[in-house]
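These are the residues of each chain, in order.
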Amino acid sequence: MHDLELINVGKVYDDGTVAVAGFDLAVEKGEFVAFLGPSGCGKTTTLRMIAGFETITSGDVVIKGRNVSDLPPERRPTSMIFQNYALFPHMNVFENVEYGLKVRGLAKAERQERVGRILDKFGLSAIAQERADNLSGGQRQRIALARGLVVEPDILLLDEPLGALDANLRRVIQDELKILQRELGITFVFVTHAQSEALGLSDRVVVMSNGKVEQISTPRELYTRP
Ligand code: ADP
Ligand code: ADP
């Protein structure tokens, strides 16, 4: 069974905009897939449909054999990471990371255990009590990653997660992402308009334009294309 399948997926917004059309893709467990294309080509819309945040106009998104449209939010095996981190500004770091476990109804002792462990792993324990909006971009994206991963998703969805970082931090977090994905062995779907990120990180690149898949290639194939 594939970890993730998109079968002839399309999205038409209420205003008639055709954002995505005829999107087909099958992703194996543990693959790192990048959606690459210019602004407006439908990357985020596709990612949001996989996350269950956006209704699907046509076709199916299937995760581990289950149709996303049939899964209530707390049962979806995905977490999403955003360019702007989307942390809860009034909560401290610990509470931000704990949030998804509360939503899923985990008991307090287990929440504390799991949050403690992941803060440790991400080097965030010392700032557990800080408000998230006081911290640097790199720290905030690490908190967002910890918040997404603490629920142990099968698939991590990343929407331009390096886009708000300066060039140095972008390289650091890019390296951390690659290590993390290898270590966890879970599927990553990564949206970017930056070719260097797509080629540097992914096992396969889905090249998009105008709501359609242009080609699906390995970075090596894209590098050596005449
Ligand atoms: P990308 O992520 O590649 O920049 P998007 O998925 O955000 O592309 O957008 C694809 C197309 O859908 C664009 O033409 C965009 O303007 C349009 N679009 C995105 N969100 C909405 C919306 N909520 N309502 C109408 N059109 C939208
Ligand atoms: P409450 O009874 O309000 O749920 P908790 O005892 O869960 O309070 O925790 C209060 C605050 O202490 C949390 O919001 C969090 O900031 C912090 N905290 C709790 N456990 C830990 C931990 N293991 N590591 C770091 N901070 C923690």
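Attention in this report is confined to the structure presented alongside it. Note that the coordinates shown come from a computational prediction; the quantities given were computed from them, not determined experimentally.

**Notes on the site of ligand 2**
Item 1. Asn 92, Phe 94, Glu 95, Lys 108, Gln 112, Ala 128 and Gln 129 make up every residue found near ligand 2.
Item 2. Here Gln 112 contributes a side-chain N or O atom positioned 3.1 Å from an oxygen atom of ligand 2.
Item 3. Side-chain polar atom of Gln 129 to a nitrogen atom of ligand 2: 2.8 Å apart, as the coordinates give it.
Item 4. For ligand 2, whose unbound accessible area comes to 560 Å², protein coverage reaches 53%.
Item 5. When residues of the shell around ligand 2 are traced back to their parent elements, those giving at least two are helix H2 (93–103) and helix H3 (108–121).
Item 6. By residue class, the composition of the shell around ligand 2 is two nonpolar, three polar and two charged.

**With respect to the environment of Val 12**
Item 1. Looking at the secondary structure, you find Val 12 in strand E1 (residues 4–12).
Item 2. The exposure class assigned to Val 12 is partly exposed, which follows from its relative accessible area of 36%.
Item 3. Taking the C-alpha atoms as reference, Val 12 lies 8.7 Å from Ser 58; in sequence the two are 46 residues apart.
Item 4. Apart from the residues lying within four places of it in its own chain, the contact partners of Val 12 are Thr 17, Val 18 and Thr 57.

**A word on unusual backbone geometry**
In terms of backbone geometry, most residues other than glycine have negative phi values and most peptide bonds are trans.
Item 1. Within the chain, Ala 86 stands out as a residue other than glycine whose phi angle is a positive 50°.
Item 2. Given the relative accessible area of 31%, Ala 86 is considered partly exposed.

The rules behind each value
Residues numbered from 1 in each chain as written. Chains lettered and ligands numbered in written order. Predicted model: local features only at pLDDT ≥ 70, side-chain atom pairs only at ≥ 80, totals over all residues. Heavy atoms only, no water. Near = heavy atom within 4 Å. Polar contact = N/O pair within 3.5 Å; in protein donor to acceptor, adjacent residues only side chain to side chain. Areas by Shrake-Rupley, 256 points an atom, 1.4 Å probe, with all protein chains shown as cover. Helix = DSSP H or I, 4+ residues; strand = E, 2+ residues; numbered from the N terminus. Nonpolar A, V, L, I, M, F, W, Y, C, P; charged D, E, K, R; others polar. Buried < 20%, exposed > 50% of the residue type's maximum accessible area, 1.4 Å probe, protein only. Contact = heavy atoms within 4.5 Å.

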